[in-house]
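Here are the chains, one letter per residue:
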Amino acid sequence: MAKGYWASVYPAITDPERLTAYNKLAGPAVRAAGGRLLSRDGRVVAHEAGITQRVVLIEFDSFEQAVAAYESEAYQKALVALPDGFERDLRIIEGID
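Along each chain, the written sequence defines residue order, and numbers are assigned to residues from 1. Only residues with pLDDT of at least 70 get local features here, since the model is predicted, and only at 80 or more are side-chain atom pairs given and counted; chain-wide, interface and lining totals rely on the full set of residues. Hydrogen atoms and water are omitted, and side-chain values are computed over all heavy atoms in the structure.

Enquirer: So what's going on with the pattern of salt bridges? Which residues, and what values?
Expert: Think of a salt bridge as a Lys or Arg side-chain nitrogen and an Asp or Glu carboxyl oxygen that are within 4 Å of each other. Inspection of the entire model under this criterion finds six salt bridges. Here Arg36 makes a salt bridge to Asp61, at a shortest N to O gap of 3.0 Å. Taken as a pair, Arg36 in strand β2 (residues 36-40) and Asp61 in the loop between β3 (55-60) and α2 (63-71) lie far apart in primary sequence, 25 residues in all. Between buried and exposed lies partly exposed: a residue is buried under 20% and exposed over 50% of the maximum accessible area for its type, with that area taken using a 1.4 Å probe on protein chains only. Assessed through its relative accessible area of 43%, Asp61 is described here as partly exposed. Residue Asp89 is joined to Arg91 by a salt bridge in which the shortest nitrogen-to-oxygen separation is 2.9 Å. Among the residues examined, Asp89 registers a relative accessible area of 29% and is labelled partly exposed. Overlapping salt bridges bring together Lys3, Arg36, Glu59 and Asp61 as one network. Secondary structure counts use DSSP, requiring at least four H or I residues in a row for a helix and at least two E residues in a row for a strand, with both numbered from the N terminus.

Enquirer: Break down the environment of Glu59 for me, with residues and values.
Expert: Tracing the chain through its elements places Glu59 in strand β3. Judged by its relative accessible area of 11%, Glu59 falls in the buried class. Residues Glu59 and Ala21, 38 residues apart in the sequence, show an inter-C-alpha distance of 22 Å. Ignoring sequence-local partners within four residues, the contact set of Glu59 consists of Lys3, Gly4, Tyr5, Gly34, Gly35, Arg36 and Leu38. Contacts described as polar in this section are N or O atom pairs within 3.5 Å, which, within protein, must combine one atom able to donate a hydrogen with one able to accept it, while residues neighboring in sequence count only if both atoms come from side chains. A polar contact is formed between the side chain of Glu59 and the side chain of Lys3, at a distance of 3.4 Å. Whether two residues are in contact is decided by their heavy atoms, any of which lying within 4.5 Å being enough.

Enquirer: Go over unusual backbone geometry, please, and point to the residues and values.
Expert: Here Asp41, not a glycine, exhibits a phi torsion of approximately 60°, which is positive. Looking at the secondary structure, you find Asp41 in the loop between β2 and β3. The class of Asp41 is partly exposed, set by a relative accessible area of 48%.

What follows is the structure, encoded as structure tokens:
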């Protein structure tokens, strides 16, 4: 079975304190749904139209598990903590089996 991934890039973080509040809720919600943090705030080399700001990669045992984690009640509560004007591009992607 192919794994699932959340791949997020953050073009702009206008309120780092509220991002911390989101992280305190999102981390436990993601872990409870079976997610494993693979990368966050590490070094980035951007090419072409890429950005070098914050990048987060989370792995799940399956694509379906990754989708269910995003749709979970616990994670939806975490999303409420994201600050206004916050920019993020989150993709849920299926790995190669």
